[in-house]
Amino acid sequence: MKVAVVTGASKGIGRAIAEALAREGYNLALGARSVDLLEGLSRELEEKHGVKVLHRYLDVSSPQSLKEFAEAVLEEFRGVDLLVVNAGIPMGGRLDEVSDEDMERVFQVNALGVWRTIKLFLPSLKERRGTVAVVTSYISTMILANAGAYVASKWAARAFTKTFQVENPEVKFIELRPGMVDTYFYGKPGRKIEEGFMKPEDVAELLVALLKLPKHVLVEEVLFRSIY
Ligand code: NJP
């Protein structure tokens, strides 16, 4: 059975990806800060799909937390076939109004968190010729007023992803660039397709479809959104 790691698996896109991968028969390692949510999800997926699910507290902005998470995962499963780097936070505001603390926080999670997560699992992914899917955003090549800190952090995540690909051709790196998705990202979920939102399950289904392509096919990035 293949092993997949999903960061930010407690809610939203990460949770939907974990559900879809369990359905596909992957054993899972799930990380997020909301351990109570991970606990319930893990039990549900194990009972429903007969897969093994490890869950651990994970704060991707903390190098120590990431290190402990990776050690626990590699000790349990011995290796990783798929790494889904999904944990992320929003950050609004004009660049001249964003505080140092907020800028630091969004970069620690959305940019350095991505780099550190991939770095920790890279040796195992190389060994298994695995796949890394990084959830950046449709804005990872664009400019958006009032979201400059978030946008810059996603440009950085994109640059890390592409550079890892060039340096490690034996691993597949896929950049997933969704448009708006109905998750906790905008507060409470409940937004509609007619308002331009996809469902988290749409992102998960896209990833599952990409994973079914022949081994020699590399899809470097996917920019996708809802139409209505
Ligand atoms: O958001 P949400 P999404 N350490 O808030 C976790 C990107 N994206 O699913 O720690 C570890 O429902 C958090 O868990 P917890 C976006 O930038 C979204 O939409 O328990 N985990 C939760 O599981 C992000 O990269 C949209 O609070 C941390 C998850 O991340 C990805 O999609 C559009 C963490 C967030 O779930 C998933 O976001 C787009 C930390 N320090 C890109 N901080 C969109 N929704 O419209 C947070 O283009 N998490």
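Residues numbered from 1 in each chain as written. Predicted model: local features only at pLDDT ≥ 70, side-chain atom pairs only at ≥ 80, totals over all residues. Heavy atoms only, no water.

On to the pattern of salt bridges. Two side chains carrying opposite charge are able to pair once their charged atoms lie near each other. For the structure on display, the rule yields 15 salt bridges. With its nearest N and O atoms 3.9 Å apart, the salt bridge here joins Arg-15 to Glu-44. Taken together, the residues span a long stretch of sequence, with Arg-15 in helix α1 (residues 12-23) and Glu-44 in helix α2 (residues 35-49) at a distance of 29 residues. The class for Arg-15 is partly exposed, based on a relative accessible area of 23%. Accessibility expressed as a relative area gives 34% for Glu-44, which makes it partly exposed. Lys-162 is the salt-bridge partner of Glu-175, the closest N and O atoms lying 3.7 Å from each other. In this pair, Glu-175 is assigned in strand β6 (residues 172-178) and Lys-162 in helix α5 (residues 148-167), connecting sequence segments 13 residues apart. With relative accessibility at 24%, the residue Lys-162 sits in the partly exposed group. Within the structure, one salt-bridge network assembled from shared partners comprises Arg-158, Lys-162, Glu-175, Arg-177 and Glu-221. (Salt bridge = Lys/Arg side-chain N within 4 Å of Asp/Glu carboxyl O. Helix = DSSP H or I, 4+ residues; strand = E, 2+ residues; numbered from the N terminus. Buried < 20%, exposed > 50% of the residue type's maximum accessible area, 1.4 Å probe, protein only.)

So, about the site of the ligand. Around the ligand sit 31 residues, and of these Arg-33, Ser-34, Ser-137, Pro-178 and Thr-183 come closest. Note that a nitrogen atom of the ligand is positioned 2.8 Å from one of the side-chain N or O atoms of Asp-59. Contact between the ligand and Tyr-186: an oxygen atom at 2.9 Å from a side-chain N or O atom of the residue. Counting only elements with at least two residues in the shell around the ligand, the list comes to α1 and α5. Split by residue class, the shell around the ligand holds 17 nonpolar, 10 polar and four charged. (Near = heavy atom within 4 Å. Polar contact = N/O pair within 3.5 Å; in protein donor to acceptor, adjacent residues only side chain to side chain. Nonpolar A, V, L, I, M, F, W, Y, C, P; charged D, E, K, R; others polar.)

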